[in-house]
Structures are given as C-alpha cells and as structure tokens.
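Here is what each chain is made of, one letter per residue.
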Amino acid sequence: MNELENYYGKFCEDKRLLRKHGQVEYRTSMKYIHDYLKPGDRLLDIGAGTGRYSVALSQEGYEVDAIELVKYNLGMLKAKKSNVKAYQGTALDLSRYQDETFDVTLLFGPMYHLFSYEDKLKALSEAKRVTKTGGIILVAYVMNDYSVLVHGFRDGHIKEALKNGKIDKNFQTLTNIDDLYSYVRLELIEKLNKDLDIKVGAVYYMDESRIRGERIDPKRVVVKEIYPHMIIVEDE
C-alpha cells in the first residue's frame, strides 16, 4: 500500500470536501445519511480518511467507529480529538467486529482502490456482515462511463487513452494498482449485489447542481450505495 501512502501523504484529503465540488459531494452524502439515521444509532466509517464524515457525525452525538488504512490520514483524524474510535485497518478484514454490530456502515473510499472483483466482493461482504439486519450500508464507487465521457471525450484524452491501452474497445477503463483508482460500471455493481443477495430499491442520479431520481417505497431499507454521479438505495 505504499502507492496509497505516497498519494495521500501529498494530497490534501482533509480539505477536499471543503472545496466547491467537494461540498456538493459532502452535503449530498450527509443528506442521505441523515435520511436513515435514527437516535442512538451506531456507525462504522470504513476508509474514513481524515474523518470528515465520522467526526461530524460523532459531534452530532452518534457513536462512531472509524477504520482507515493510511497512517497519515489516521493521524490527522486522531489529532482532531473527537469521540470517534479510530483504528488502522482494511475494508477486507473487519474481524475486530462481531456480526451485526452497526446500524449504519459507510464504505465511501475503499472501492476506489480495490481492483479485483474478489476484493470488492470481500469488502462489501465484510460491510454487510458487521451491519445489523435491517441496517444501512452506503457504498461509493468511481463510475467508469462518467470518467470516460469527461476525461476522455470532453477533455480530449480519448485517443491517448486508447493508444496507451488505458481503455478497451468497449470503453472500459483498464487500470491497476499503480493507477490508484478502479473504475466500475453499473453492471459490475449489480453483479456484486446479486452475489451478496442484495436487491436494488431505488436509484438517484446527481451531478454538481442537482439531484433527481425515482424512489421506491420499500417496507424496509437495508442497503444504500452512493457514488459520485449515481446513488442507489437498496431494500430487503
């Protein structure tokens, strides 16, 4: 994980969600988190970064645990002297926690940096395991097609990407651990949900200026997924 350590050691993660576009992401995510929070809920923030979400939720009075892989980020989180119980760890191994421990689980960062299907499945499986039956899981992904449209076509890098083997003939971005980010399509997310017996309840689409969507009224919402330009709410 030296690449991640080097990247986040140089990148100002603590201020990212305070910038213009970051505020859209933060406020939108917090809106949906609060839609499902109940008084007395216990939360787990996996891939907590410097604690932008976990510290804020702790300050609201919720009991929050945080898992962060990168030592630098973890140090910044702990330096905030909040009530968050923060530990170094990975989304692939939450063995410090028993089954059905948390009411709400956030998985906002790890899927960005997991490249194999098996690792993505393991991370989501662990999040599901430690979340109570009837609880909420929110998962963030980097969407492939949006990245291709913006960086490839809008910004004029599509020919370069094809030439360098970074995109295949189906416009799937081809990355590895040296590229830091893993880009996914909705089909892969649907396969993850199917393999873990998770059913989609509603879909929300968002961009930098608006949120729109059609929501199903489920009897009980159990999982919710958020990623930069699409939000999926799961139900039982």
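So, here is what we can say about the structure in this document.

Conventions and cut-offs
- Along each chain, residues carry numbers from 1 onward, in the same order as the chain's sequence is written.
- Where totals are concerned, whole chains, interfaces and linings use all residues; where local detail is concerned, this predicted model gives features only for residues with pLDDT of at least 70, and gives and counts side-chain atom pairs only at 80 or more.
- Note: side-chain values were computed over all heavy atoms of the structure, leaving out hydrogens and water.
- By definition here, a salt bridge exists when the distance from a side-chain nitrogen of Lys or Arg to a carboxyl oxygen of Asp or Glu is within 4 Å.
- Secondary structure is summarised from DSSP: a helix means a run of H or I of at least four residues, a strand means a run of E of at least two, and numbering begins at the N terminus for each.
- Throughout this description, buried means an accessible area under 20% of the type-specific maximum (1.4 Å probe, protein chains only), exposed means over 50%, and partly exposed covers the range between.
- Patch membership is restricted to residues that have no salt bridge and whose relative accessible area is over 30%. Joining uses 9 Å for like charges and 5 Å for the nonpolar side chains Val, Leu, Ile, Met, Phe, Trp and Tyr.
- Accessible surface area values rest on a Shrake-Rupley calculation with a 1.4 Å probe, where residue burial reflects the displayed protein chains alone.
- A pocket, in this scheme, is an open set of points on a 1 Å grid over the protein atoms alone with protein on both sides within 12 Å along at least 5 of 7 lines, while a cavity is a set where a 1.4 Å probe fits but cannot get out; residues line either one if an atom lies within 4 Å of a point.
- Grid points are joined across faces, edges and corners, and a volume is the space filled by probe spheres set on the points.
- Note that Gly is not counted as nonpolar here; it falls among the polar residues with everything else outside the nonpolar set of Ala, Val, Leu, Ile, Met, Phe, Trp, Tyr, Cys and Pro and the charged set of Asp, Glu, Lys and Arg.
- Put simply, buried Ala, Val, Leu, Ile, Met, Phe, Trp, Tyr and Cys residues joined by side-chain atoms within 4.5 Å make one nonpolar core.
- Any two strands between which DSSP finds at least two bridges are classified as paired.
- Here a Phe, Tyr or Trp ring, Trp counted by its six-membered ring, pairs with any other such ring whose centre lies within 6.5 Å, and the pair is stacked when the planes are under 30 degrees apart, edge-to-face when over 60, and tilted otherwise.
- When the NZ atom of lysine or the CZ atom of arginine is within 6 Å of a ring's centre and also within 35 degrees of its normal, the charge is said to sit over that ring.
- Geometry is summarised by axes, namely lines fitted to C-alpha atoms with helices restricted to the contacting stretch, and by angles between N-to-C directions that run from 0 to 180 degrees.
- Note on terminology: angles under 35 degrees are roughly parallel, angles over 145 are roughly antiparallel, angles of 65 to 115 are roughly perpendicular, and the others are oblique.
- Here a crossing is called left-handed whenever its near helix is offset anticlockwise from the far helix by less than a right angle, and right-handed whenever the offset is clockwise.
- Contact between two residues is taken to exist if any of their heavy atoms lie within 4.5 Å; hydrogens are not considered.

With that out of the way, let us pick up the pattern of salt bridges. Oppositely charged side chains can form a pair if their charged atoms are brought close together. Using the criterion set out here, one finds twelve salt bridges in the structure. Ionic pairing is found between Arg42 and Glu63, a salt bridge with its closest N-O pair at 3.6 Å. Taken together, the positions of Arg42 in strand E1 (residues 42-46) and Glu63 in strand E2 (residues 63-68) put the pair 21 residues apart, joining distant regions of the chain. Residue Glu63 is classed as partly exposed on the basis of its relative accessible area of 39%. In this structure, Glu63 engages Lys85 in a salt bridge whose closest nitrogen and oxygen atoms are separated by 3.5 Å.

A cluster of nonpolar side chains, namely Leu149, Phe153, Leu162 and Phe171, defines an oily patch on the protein surface of about 380 Å² accessible area. One can find Phe153 in helix H7 (residues 144-154). Classification of Phe153 as partly exposed rests on a relative accessible area of 45%.

Right, let's talk about the layout of surface pockets for a bit. Roughly 320 Å³ of internal volume is contained in the second largest pocket. Taken together, 15 residues line the second largest pocket, and the ones lying closest to its centre are His151, Ala161, Lys166, Ile167 and Thr173. Taken together, the elements giving at least two residues each to the lining of the second largest pocket come down to H7 and helix H8 (158-163). Sorting elements by how many residues they give to the lining of the second largest pocket places H7 first, with four residues. Per-class residue counts for the lining of the second largest pocket are five nonpolar, seven polar and three charged.

A word on the nonpolar core. Residues Ile33, Tyr53, Leu57 and Leu106 are the most contacted members of the largest nonpolar core, which totals 27 residues. Of all the secondary structure elements, the ones that give two or more residues to this core are helix H3 (20-36), helix H4 (52-59), E2, helix H5 (71-79), strand E4 (102-107) and strand E5 (131-139). Ranked by size, the runner-up nonpolar core spans 24 residues in total, among them Leu124, Ile189, Leu196 and Ile198.

Burial analysis of E1 places four of its five residues in the buried class, the great majority of the element. In this sheet, E2 lies alongside E1 in parallel orientation, the contact comprising five bridges. Pairing of Asp45 across the sheet is with Ala66, part of E2. The sheet contact formed by E1 and E4 spans four bridges and is parallel. The residue of E4 that forms the bridge with Asp45 is Leu106.

Another point: the packing of aromatic side chains. By the definition in use, this model includes five aromatic pairs. Measuring from centroid to centroid gives 6.2 Å for Tyr112 and Tyr181, while their planes differ by 45 degrees, and the two rings are tilted. One end of the pair, Tyr112, is in the loop between E4 and helix H6 (117-130); the other, Tyr181, is in the loop between H8 and strand E7 (183-184), with 69 residues separating them in the sequence. The buried category is assigned to Tyr112, whose relative accessible area is 13%. The rings of Tyr26, Tyr53 and Phe108 are connected pair by pair, giving a single aromatic cluster. The ring centre of Tyr26 lies 3.8 Å from the NZ or CZ of Arg52, which sits over that ring. For the cation-ring pair, Arg96 lies above Tyr87, with the distance from its terminal atom to the ring centre recorded as 4.0 Å.

On to the packing of H6 against helix H9 (residues 186-195), then. Taken N-terminus to C-terminus, the directions of H6 and H9 make an angle of 55 degrees; their axes are 10 Å apart at the nearest point. Taken together, the axes of H6 and H9 are oblique relative to one another. Here H6 runs over H9; the crossing is right-handed. Together, Tyr117, Lys120, Leu121 and Leu124 of H6 and Leu188, Lys191, Leu192, Asn193 and Asp195 of H9 make up the contact between the two elements. The residue inventory of the contact of H6 with H9, partitioned by class, reads five nonpolar, one polar and three charged.

Viewed as axis vectors pointing N to C, H3 and H4 meet at an angle of 45 degrees, and their least axial separation amounts to 12 Å. As judged from the angle between their axes, H3 and H4 are oblique. Read as a crossing pair, H3 and H4 show a hand that is right-handed. Here Glu25, Tyr26, Ser29, Met30, Ile33 and His34 of H3 lie close against H4, whose contacting residues are Arg52, Tyr53, Ala56 and Leu57.

Keep in mind these values describe shape, not function.
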